[in-house]
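What follows is each chain in one-letter form.
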Amino acid sequence: MKIPRTPWLLVVAAGFWAAVQLLRLVGFNDYYLFIANLSLVYVILAVSLNLINGIIGQFSLGHMGFAAVGAYVSGSITTLIFKLSPNVAAHYPGFVLALVAGGVAAALVGVAIGFPTLRLKGDYLAIVTLGFGEIIRTVFNNIDAVGGPRGLLGIPKFSTFTVILAFALITVAVIRNIAESAHGRNMIAIRENELAADLVGIDTTGYKVKAFALGAFFAGIGGGLYAHLLQIAHPTQFGFIYSVQVLIMVYAGGVGSLTGSVLAAFALTILTQLLKSGLSSLKSLTGLPIGGDWYMVLYALLLILIMLYRTEGLMGTREAKLMVIPEEDDK
Amino acid sequence: MGSIFNLQQVVNGLQLGSIYALIALGYTMVYGIVRLINFAHGDFYMIGAYTAYGAFFLFNAVLGGSGLPMAAVALVLAMLASGLVALLTNRLAYRPLRYKPKLSSLITAIGVSMLIEYLFSALPFIGPSFRAFPEILPSVPIKLGQNATISTHALIDIGVAAVLMIGLTILVRHTTLGKAMRAVSQDKDAAKLMGIDVEKVIAWTFMIGGAFAGAAGLLAGMTYPRIFPFMGILPGLKAFIAAVLGGIGNIPGAVLGAYIMGVAETFATAYNSLLGEGIAFAILIVVLLVRPRGILGEKHADKI
Amino acid sequence: MSAVLKVTGMSHWFGGLKAVSNFNFEVPEGAIYGLIGPNGSGKTTTFNLITGIYKPTEGKIEFSGGDITGAKPYRIVRKGVARTFQNLRIFGSMSVLDNVRVARQYAPVSSFLASTLRLPSYKAEERARKAEAMNLLDVLHLSGRAKEQAKNLPYGELRRLEIARALATNPSLLLLDEPAAGMNPKEVQDLMALIARVRDEFKVTVFLIEHHMKFVMGLCERIKVLDFGETIAEGVPELVAKDPRVLEAYLGKKGGH
Ligand SMILES: Nc1ncnc2c1ncn2[C@@H]1O[C@H](COP(=O)(O)OP(=O)(O)O)[C@@H](O)[C@H]1O
Ligand SMILES: [Mg+2]
């Protein structure tokens, strides 16, 4: 009889969940929980961006535009439901559906953007996706029904640790399974040599659009979770600079390594919070005029240093064991 | 109010276009020579504006406040500062990546841009908030026919841009450096074989491009007197798009693209502010889809 | 015998340069057909036109009786035209095995959903892909390298890997662009035998570009000679080799090795 393989990813996620629940009992306060939640949201954003930038080797600079679509769409739905009846617990199924709706909307936007732009390459593609990301943001900034420049306020706080963790797990598992499948192989071939991929019969454009749509879908989910964590969807949350932050995570972890993206999402989210609080306590201790923007200076330096001295990031294209699906006949 | 398609909009568009042109030239020259979209280029423009701002307060006492001498000093210092930062950026960040994949340089450029912006924003004596730019030269409206005026500022913007562009044309066409620049942009390896110091040419290109952006920063400060550390992002992007529109790598193309962009944006904004915000990106997308090489750009094909 | 590939009146311009000029020919099924000519005479461009990378300025390309002029490359491949590249284009960071099995695109791939969930249909398909790829690696003497990263292989093996990859697309026409380039005489000998074997075993028609004269003369049943995009000779090797225009344009300059 065949022994089923241990689903290590699930085990790790469950372990993480249990650890946090235990720590909650011994002083893991709301702030720490917030950091854990935020890290998981960034896991979703970074892993989904890695599908586009790492696995299939395109270059998107507008990832937060997709997140914005997810945030606004799901946020609009849940605020509406919430207004009709403010019983939070009853709304979780609706919340999940709203998130998925946000993801689907983002995916549709991804396809709409993908078709005309994906024949562009490298730096041109980067600029155009940046442009689209900014256009999406500008559009939300100008729609009064979702608050315009004030943002969409009063979003219910539905993003609990468990929900975010569950979606992060699903995102990682789905993208991993695709990356490790025949489809993933086709995508990697496109990254490695697009012309050769074309000439072994891979529909390169089709794959790029699909990867864009899938990446956008999960970014939309991530954006929705984010909005329901902060209880607001605001145009400035989805600016270009935040797309760059996610990009930094992908590169710090190693483009093409999903493991790297997960690790970097945690590391950099925690580092950001440490820097913020460290700088502000240094400020109050010494009286030095060190404003809040210094951590962004450090982020920028980090990005430059990675590109100059360690282009492959933390992991290169390597994956942790639990991220690799072994082939059937090699034990 | 009358039609939005009036002479006044054209004048405003040309004024804006002059500033874009000065920025776009740096983009296009650098792209022509190292095939890099220098994302930080808009920040050189910001540095020019801040340098001019600082120069005003530094030399206020000596030069007796506003006036032409002050404007000249501010212009020279703005160009110098931006040129030097551009030079430094090239040396420290881009040169080590010259023969690595193109995307590494682009990402580094994004990092450099972020670094400059947030550094300015974080430095206590600069800070993130808007500052009012001093009136270095007064703005006097001059009547242009029935219902349009042109300000002295507009004349200065258009004039300074014209003078610098003529200077650049002479430099590129008639000097040894200009010839070397053209050679390097055609074929780096061949230029090297011909004994051209390619890195030196690249350095000069960054320096000149940066200086032009610095000049644009001063002009923009005088014309739209509000400066802040992130002021370079949008004009930088728009100037880049102008360069693409004209044919990136092509010097007259950048100027043409910039004036089209300036006029288009002025008209679009007069029509609807959302359209004004989006027109540049709309232009970019249309150009890339319809004619990716731009109006004056040459066709490149990768050999297989 | 019927023609697998039929090209009529094909010309191609790059701006002002006529890289291929009035190209006409038919490749009979099962043949090994050679295309020779000095550097820059338009050979690779001809391959690029047949495989759909460029659309010919003029003319018509028929494959297995169907018009493929201007079709998308990946569709042409799926119809049965495979090729290798003069300047290797391998998937460097993928394993040797993956390089080959990624090329099995002629059979449908399970949906994203079925693949993500690893449904039995997907697993069966993956087994088939792997078995077929391993078999091809065997034929091209590369099975020992299956797990290695492709970019770590020596040059000669990479050339064979490209052939294995091309065969994985299940072609009826195989285009080889300078397959012996950079090989030593022993490797060239082996390659000749290999190509003949591949033709018989996989029932493919071979159309190849090569500079190596012994190789072309020894292997090809028919040869076409290009110079500046024009066809200057065509026929069986013995006659072509004696054609004064060929000697002048090609053999003369190359010293005829
Ligand atoms: N993409 C292209 N753009 C412009 N010219 C090209 C391109 N590809 C090939 N050429 C030119 O077409 C001619 C034929 O090239 P090619 O087919 O590669 O020759 P061969 O393979 O016979 O050596 C050459 O002069 C070459 O420079
Ligand atoms: Mg060739």
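The structure presented is a predicted model; accordingly, all values stated were derived computationally and were not measured. (Residues numbered from 1 in each chain as written. Chains lettered and ligands numbered in written order. Predicted model: local features only at pLDDT ≥ 70, side-chain atom pairs only at ≥ 80, totals over all residues. Heavy atoms only, no water.)

Asker: Quick one: what's the story with the coordination of the magnesium ion (ligand 2), residue by residue and with numbers?
Answerer: The protein atoms that coordinate the magnesium ion (ligand 2) are C:Thr44 (OG1) and C:Gln86 (OE1), at distances spanning 2.0 to 2.2 Å. You can see C:Thr44 sitting in helix α1 (residues 43-50) and its partner C:Gln86 sitting in the loop between β6 (81-83) and α3 (96-101), a full 42 residues away along the chain. (Donors = N, O, S within 2.8 Å, 3.2 Å for Na, K, Ca; no water. Helix = DSSP H or I, 4+ residues; strand = E, 2+ residues; numbered from the N terminus.)

Asker: Give me the lowdown on the environment of C:Glu125, citing residues and values where you can.
Answerer: Residues and elements named next belong to chain C. Here Glu125 is to be found in helix α5 (residues 120-139). Put simply, Glu125 and Ser110 are 15 residues apart on the chain and 8.0 Å apart in space, counted from C-alpha to C-alpha. Setting aside chain neighbours within four positions, we find Glu125 in contact with Pro108, Val109 and Ser110. (Contact = heavy atoms within 4.5 Å.)

Asker: Tell me about the interface of chain B and chain A, residues and numbers included.
Answerer: Note: interface size is frequently given as the accessible area lost on complex formation between the parts. The partner chain A presents 38 residues to the 39 residues of chain B that form the contact. Both faces combined, the contact of chain B with chain A buries some 3,500 Å², and carbon together with sulfur accounts for 81% of it. It is B:Ile107, B:Met114 and B:Tyr118 that lose the most area in chain B upon contact with chain A, and together they represent 18% of the buried surface on that side. At the surface where chain B touches chain A, the tally comes to one salt bridge. For the salt bridge of A:Asp123 with B:Lys102, the shortest nitrogen-to-oxygen distance reads 3.7 Å. Connecting chain B to chain A are zero residue pairs in polar contact (both at pLDDT 80 or more). Sorting the residues of the side of chain B that touches chain A by element identifies α3 (68-94), α4 (102-122), α9 (233-246) and α11 (273-290) of chain B as the ones contributing at least two each. Of all the elements, α4(B) adds the most residues to the side of chain B that touches chain A, at 15 residues. (Buried area = accessible area lost by both parts, 1.4 Å probe. Salt bridge = Lys/Arg side-chain N within 4 Å of Asp/Glu carboxyl O. Polar contact = N/O pair within 3.5 Å; in protein donor to acceptor, adjacent residues only side chain to side chain.)

Asker: Could you give an account of the pairing of strand β10 (residues 230-235) of chain C, naming the residues involved and the relevant values?
Answerer: All names here are of chain C. Looking at chain direction, strand β9 (residues 222-227) and β10 are connected through five bridges and run antiparallel. Of the residues in β10, the one forming a bridge with Val225 is Ala233. The hairpin turn running from β9 into β10, its antiparallel successor, is two residues long, and Phe228 in that turn takes a positive phi close to 50°. (Pairing = 2+ DSSP bridges.)

Asker: Tell me about the interface of chain C and chain A, and please be specific about residues and values.
Answerer: Listed by partner, the interface residues are 35 residues for chain C and 32 residues for chain A. Between chain C and chain A lies a buried interface of about 2,900 Å² when both sides are counted; carbon and sulfur atoms form 58% of it. On the chain C side of the contact with chain A, C:Phe91, C:Phe112 and C:Arg118 bury the most area, a combined 23% of that side's loss. Residue C:Glu126 pairs with A:Arg185 through a salt bridge whose shortest N-O separation is 2.7 Å. Between chain C and chain A we count 13 residue pairs in polar contact (both at pLDDT 80 or more) in total.

Asker: Account for the confidence of the model for chain C, naming residues and giving values.
Answerer: Detailed conclusions should not be drawn from predicted coordinates in areas where pLDDT is low. Averaged over every residue, the pLDDT of chain C is 91; residues scoring 70 or more account for 96%. Ranking the elements of chain C by mean pLDDT puts helix α10 (residues 244-254) of chain C last, at 69, and strand β7 (residues 173-177) of chain C first, at 97. (pLDDT = per-residue confidence, 0-100.)

Asker: So, the domain arrangement of chain C: which residues are in play, and what are the values?
Answerer: All names here are of chain C. If you check the domain split of chain C, you get domain 1 (3-80 + 171-254) and domain 2 (88-154). Taken together, the contact pairs five residues of domain 1 with five residues of domain 2. Between domain 1 and domain 2, a total of about 490 Å² is buried, with carbon and sulfur atoms accounting for 73% of that surface. Three residues stand out in domain 1 for area buried against domain 2, namely Arg78, Leu194 and Phe202, and they jointly supply 71% of the buried area on that side. At the surface where domain 1 touches domain 2, the tally comes to zero salt bridges. (Domains from an automatic or database assignment.)

Asker: Lay out the sheet that holds strand β2 (residues 17-28) of chain C in plain terms, naming residues and giving numbers.
Answerer: All names here are of chain C. Across the sheet, which stays open at both edges, the four strands sit in the order β2-β1-β4-β5 with antiparallel pairing between neighbours. Since the sheet does not close on itself, it has two edges, and those belong to β2 and β5 (66-67), each with one partner. As defined by bridge partners, strand β4 (residues 58-63) adjoins β5 across two bridges and the pair is classed as antiparallel. When the sheet's bridge partners are listed, Phe63 is paired in β5 with Gly66. On top of the sheet, α1 reaches β1 (3-14), β2 and β4; it is set at about 115° to β1, its chief contact. (Axes fitted to C-alpha atoms, helices over the stretch in contact; angles between N-to-C directions.)

Asker: Describe a positive patch on the surface, listing the residues and the values that go with them.
Answerer: Positive charge collects at one region of the surface, where A:Lys210, C:Lys72, C:Arg75, C:Arg78 and C:Lys79 lie side by side. Of the residues forming the positive patch, the biggest block, three residues, is contributed by helix α2 (residues 73-79) of chain C. You can call C:Arg78 partly exposed: its relative accessible area is 39%. (Patch = residues over 30% accessible without salt bridge, like charges linked within 9 Å, V, L, I, M, F, W, Y side chains within 5 Å. Areas by Shrake-Rupley, 256 points an atom, 1.4 Å probe, with all protein chains shown as cover. Lys, Arg positive; Asp, Glu negative; His and termini not counted. Charge placed at Lys NZ, Arg CZ, Asp CG, Glu CD. Buried < 20%, exposed > 50% of the residue type's maximum accessible area, 1.4 Å probe, protein only.)

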